[in-house]
Amino acid sequence: MLWLVALAGAVWLSSSRFVVAPGFEFYLGPLFYLVAYRWFGVRWGLVTAALTMAPSVLWWGHGYSVMLAVGHVLAVAWSRPRQMSFSTVTLFYQLIFGTATAVLLFRFSLNSPMEITAVVLLRKILCEVTLAGIAEIVTLLVVRRASGLGLERARMLSLQLSLNAIVSLAVSGAATLFLIGSLTNVRERLTIVEDQIHTVVVDARATAPDRPLPSHIRVAGSAVQLPLIVVPTRDIAAGAKQLGCTRTDRGDQGGPDDRNTFLYWLRVCVIADRFGDKTVLVSPRALVVESFGTIFTGLLPLMAYLVLAELVLFGFRRALGRSMKLWDEAVQGFAARQRFPRGEAPFIESNAVLGMLRQATDDYLDADEERERLARTVDELRTAIDLRLLSGLRIEDAALRFVELTPGAGVCQRVVPFNPADRSALLPLRGTNDIMAELRLAGADSQHWFLLLAHDYDVEAEEWRFGCLVRLRASQAMQTKMLHNARLIELGGMASALSHELRQPLFTISLAAENGATMLQRDPPAVGRAREKFARILEQVARASAIIERTSAYAREERGDREQTDLVQAIHDAARFMRPVLQNRGIELIITGGAGVEPMMLPRIGIEQIIVNALQNAADAIEQARTEQITAGTIGIEITRSAKHVAVAIRDDGSGLVDDLAYSPFDAFSTSKPSGKGTGLGLFICRQIVDEIGGTINLANNSDAVGATLTLTFPLSHPWRLT
């Protein structure tokens, strides 16, 4: 009921014409039907447009305004998905459809001059654009509630629509004020002109009373000629009709509404004077047309500015829409964990923030990808190395007792016996806040090594709150495969040197064969010399075969079993294998000692792999020293035997250990070599081999000279057998 009363009030207000200047009338219909559309939708907008503009049929005798209002609502509804403001839609709608209607109505139906038709059209455009701006502001400040028909104050405003409404209202308001002032001046001017016409006619009669009055007169301030006619007073109507007038005016006739309309001044004849039974009539139509033409000329720049402002706002709205689209893509991409495509926002500030958001998104996605990669790695490690997450860890006399934390399966109490041989290493760790120990489990896992990490020891509960158990060493088959792969990597690095080493005997074989064939072709054949060449070929074949045999033996995948091995001979074999590499780099190798060292149960290929890796590292260090302008080029291997152990020291005069690796040279992936030249696994694998056979390995810088020394020790008390 309340809304019906409001609708009735809107219709009543719209039926009133607010005339503020001659030819300028305000009617509030557009304000009401645009507000109704924004609050209640297209249906109520159309109903309100038809009802509020219906009184115009009574004013002007036609329904063009009603049809334009209905079309206006439909145009606004069409533009809604494009987020165009009321002012923009109204301006261009009236420029297109309003212009067509004005031309049809005023120019052809009412036969109105073009100047007046143009001013009336601009008046309508300015009036409706101004009311559209007001409607925009009202509906921005007051919105309909989400439920029901109630209204409430808006909590947030649209920046785009607010800016558009304010600019449009400011420009159209300024143009409207200019038009109102100009039309007011026209009314005042016409009032003055009436007196001027009377004065001109009276002066003309007084100057030449016997002469007839002229057919046209001019008034001060105007260049147009006003038609004049003298008719009998009883025939005023007929005389006015001759001048194209439908009524006469002496300043005291007609209501205020009549004198405030442009049609009144177009169709009125002014009674300039009366003498005897004669009446002088003058038509001010030409002066009215001239005044409206002047107004139109002055109004054109403002209208052009209004159109330009709307076009600029339209471009700004598109640019803002593009920026918002980029923002939406950025937010949606962030939510979907996708990188959004690079695009330049139209605004510097927006582009800068988008750049920061894009960088933050990329960083987040990089971190998320890294997290997922790490999660996959952890899952793989959980399977591959039997990773266990622990809580409440206790080291008992023969077993580990803990609560195992398994994702997806919850917690489970575990008791895991460990190898009795590791008891002496584990029990002393009780009471230590942070522990790290290597151990073997009892039973089937006795050949596997595990790393136990624990943190935060609870003295009262006698347990560690957090910890993990990791299978540190793989099975014998996996470890053998790893060592074999490492040897293949080393062979790949020595391919060039081995190729050079094989090229020499092959070249000698080719040359000797060619010379031998030449000698056999002589008359008589030089059989003795040819025999020497063929012997030379056999010698070089043996040499090449030895190189290939050493390479094949080194690359062969061993079973990992220990065998009776001559340590000294294994060292010499490894040295011969590395000789092409060392010669190619101009490095001298000196081997000393070895007397009294008896054969031992060792993995022969593993020992050779350690020596080859040590020589390769020493050669790389020497090359690095040469790049630093240090004279280097000697590697020495010293084999010594004492009462308790056999020691092998591999010493070089290279660049030595860098500070970052001095305390962790045997860690996996620990290397100081350039990218692509080292894997960081060589010394790690060497330590694995030495640990398995019960020896020790140490790498340190030389204390008395440049370079470093790798020391291997093999205690003679060790049984050197598989357990």
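Conventions and cut-offs
- Within each chain, residue numbers correspond to sequence positions counted from 1 in written order.
- Only residues with pLDDT of 70 or above have their local features reported here, since the model is predicted, and side-chain atom pairs are shown and tallied only from 80 upward, although totals for entire chains, interfaces and linings are computed over all residues.
- The side-chain quantities take in all heavy atoms of the structure and omit both hydrogens and water.
- Numbering of helices and strands runs from the N terminus; a helix is a DSSP stretch of H or I covering at least four residues, while a strand is a stretch of E covering at least two.
- Categorising residues by exposure relies on relative accessible area from a 1.4 Å probe, with only protein chains included: less than 20% of the type maximum marks a residue as buried, more than 50% marks it as exposed, and the intermediate range marks it as partly exposed.
- Note on contacts: a residue pair qualifies if any of its non-hydrogen atoms lie within 4.5 Å across the two residues.
- Values of accessible area rely on a 1.4 Å probe in the Shrake-Rupley scheme; residue burial ignores everything except the protein chains shown.
- For this text, the term disulfide refers to a pair of cysteine sulfurs within 2.5 Å.
- Fitted lines through C-alpha atoms serve as axes, helices being fitted only where they are in contact, and the angles separating the N-to-C directions of these axes extend from 0 to 180 degrees.
- Left-handed describes a crossing whose near helix is turned anticlockwise from the far helix by less than a right angle; the clockwise case is right-handed.
- Strands were regarded as paired on the criterion that DSSP finds at least two bridges between them.
- Stacked, edge-to-face and tilted are the three classes for Phe, Tyr and Trp ring pairs, Trp counted by its six-membered ring, which pair at centre distances within 6.5 Å; planes under 30 degrees apart are stacked, over 60 edge-to-face, the rest tilted.
- Charges are assigned to positions over rings by a cutoff of 6 Å between ring centre and Lys NZ or Arg CZ, combined with an angular limit of 35 degrees from the ring normal.
- Values of pLDDT, the confidence the predictor places in each residue, fall between 0 and 100.
- Salt bridge, as applied in this entry: a Lys or Arg side-chain nitrogen positioned within 4 Å of an Asp or Glu carboxyl oxygen.

### Here's the deal with the overall build of the chain
A tally of regular secondary structure across the chain gives 20 helices and 22 strands. Counting every position in the chain, which comprises 723 residues, the buried fraction comes to 43%. Across the chain, contacts joining residues at least 24 apart in sequence account for 62% of those joining residues at least 6 apart. For the chain, the exposed area adds up to about 37800 Å²; of that, 59% sits on carbon and sulfur atoms.

### So, the state of the cysteines
Evaluation of the coordinates by the stated rule reveals one disulfide. Covalent S-S linkage joins Cys 245 and Cys 269, the inter-sulfur distance amounting to 2.0 Å. Torsion about the S-S bond of the Cys 245 and Cys 269 cystine: about 75°, corresponding to right-handed handedness. You can see Cys 245 sitting in the loop between α9 (236-242) and β7 (247-249) and its partner Cys 269 sitting in strand β8 (residues 268-275), a full 24 residues away along the chain. Each member of the pair, Cys 245 as well as Cys 269, is classed as buried.

### Points about the side chain of Lys 124
When you line up the elements, Lys 124 lands in helix α7 (residues 114-141). Judged by relative accessible area, Lys 124 falls into the buried class, the value being 13%. What Lys 124 contacts, discounting residues up to four positions off in sequence, is Tyr 27, Leu 68 and Gln 94.

### Observations regarding the environment of Cys 127
Mapped onto the fold, Cys 127 is located in helix α7. Using a relative accessible area of 1% as the deciding quantity, one classes Cys 127 as buried. Ignoring any residue separated from it by four or fewer positions in sequence, one finds Cys 127 in contact with Glu 25, Phe 26 and Tyr 27.

### Section: the packing of helix α2 (residues 29-40) against helix α5 (residues 64-79)
Packing of α2 against α5 leaves a shortest axis separation of 11 Å and a crossing angle of 35°. The hand of the α2/α5 crossing is right-handed. Across from Tyr 33, Leu 34 and Tyr 37 in α2, the residues of α5 making contact are Ala 69, His 72, Val 73, Val 76 and Ala 77.

### What to know about the pairing of strand β20 (residues 645-652)
Two strands pair when backbone bridges link them, and strand β19 (residues 634-641) and β20 are joined in this way by seven bridges, in the antiparallel orientation. Bridge pairing links Arg 641 to Val 646 in β20. By the bridge criterion, seven bridges tie β20 to strand β22 (residues 708-715) in an arrangement that is antiparallel. Residue pairing across strands places Ile 650 opposite Leu 710, the latter belonging to β22.

### Here we look at the environment of Ala 398
Take Ala 398: it is sitting in the loop between β10 (388-395) and β11 (399-406). In sequence terms Ala 398 and Val 416 are 18 residues apart; their C-alpha atoms lie 8.7 Å from each other. Ignoring anything within four residues of it in the chain, the contact list for Ala 398 reads Pro 417 and Phe 418.

### Remarks on the sheet that holds β7
Here we have five strands laid out as an open sheet, ordered β5-β6-β9-β8-β7, and mixed in their pairing. This sheet does not close on itself; its edge strands, each paired only once, are β5 (216-217) and β7. The strands touched by helix α8 (residues 159-207) within the sheet are β5, β6 (226-232), β7, β8 and β9 (278-282), with β8 carrying the most contacts at an inclination of about 35°.

### A look at the environment of Thr 233
Mapped onto the secondary structure, Thr 233 falls in the loop between β6 and α9. The partly exposed category is assigned to Thr 233, whose relative accessible area is 30%. Separated by 43 residues in sequence, Thr 233 and Gly 276 place their C-alpha atoms 8.7 Å apart.

### Here we look at the packing of aromatic side chains
The tally for this structure, following the rule as stated, stands at four aromatic pairs. Ring plane angle 80° and centroid distance 6.3 Å describe the contact between Trp 39 and Phe 40, whose orientation is recorded as edge-to-face. The same class applies to Trp 39 and to Phe 40, which are both buried. Between Arg 205 and the ring centre of Phe 275, over which it is positioned, the NZ or CZ distance is 4.0 Å.

### A short note on the confidence of the model for the chain
A low pLDDT score tells you not to read the predicted coordinates there in detail. When the pLDDT values of the chain are averaged, the result is 77; 78% of them are 70 or greater. This stretch, residues 252-257, has a pLDDT under 50; its non-local contacts, to residues over four places away or in other chains, come to five contacts. Scored below 50 in pLDDT, residues 474-478 makes four contacts in the model with residues more than four places away or belonging to other chains.

### Comments concerning the sheet that holds β19
Strand order in the open sheet formed by five strands is β17-β19-β20-β22-β21, and the pairing between neighbours is mixed. Looking at the sheet topology across the chains shown, the edges are occupied by β17 (588-593) and β21 (696-701). Averaged over neighbouring strand pairs, the angle between their axes works out to 15° when direction is ignored. Here β17 runs beside β19; their pairing, made up of six bridges, is parallel. Considered in β19, the bridge of Thr 592 is made with Glu 638. Its contacts with the sheet place helix α20 (residues 682-693) against β21 and β22, and it is angled at close to 145° to β21.

### Here's the deal with the side chain of Ser 162
Looking at the secondary structure, you find Ser 162 in helix α8. You can call Ser 162 buried: its relative accessible area is 15%. With sequence-adjacent residues up to four places away left out, Ser 162 is seen in contact with Leu 140 and Leu 157.

### Regarding the pattern of salt bridges
What the rule picks out here adds up to 14 salt bridges. With a shortest N-O distance of 2.1 Å, Asp 573 and Arg 576 are connected by a salt bridge. Remark: Arg 576 and Asp 573 occur in helix α18 (residues 567-584); sequence separation between them is three residues, near one turn of the helix. Taking relative accessible area as the criterion, Arg 576 reaches 36% and is therefore assigned partly exposed. Among the charged side chains, a network of salt bridges with common partners joins Asp 456, Asp 458 and Arg 465.

### Here's the deal with the pairing of β22
Within β22, six of the eight residues are buried, leaving the element largely enclosed by the surrounding structure. One ladder, built from six bridges, connects β21 with β22; its direction is antiparallel. Residue Thr 696 lies in a different strand from β22, and its bridge partner there is Thr 713. Counting the residues between successive antiparallel strands, the hairpin from β21 to β22 contains six residues, one of them, Gly 707, with a positive phi of roughly 95°.

### Thoughts on unusual backbone geometry
A positive phi angle is found at Asp 456, which is not glycine, with a value near 65°. With respect to the helices, strands and loops of the structure, Asp 456 is situated in strand β14 (residues 449-458). By relative accessible area, which is 23% here, Asp 456 ends up partly exposed. A positive phi angle is found at Glu 462, which is not glycine, with a value near 55°. The topology assignment puts Glu 462 in the loop between β14 and β15 (463-471).

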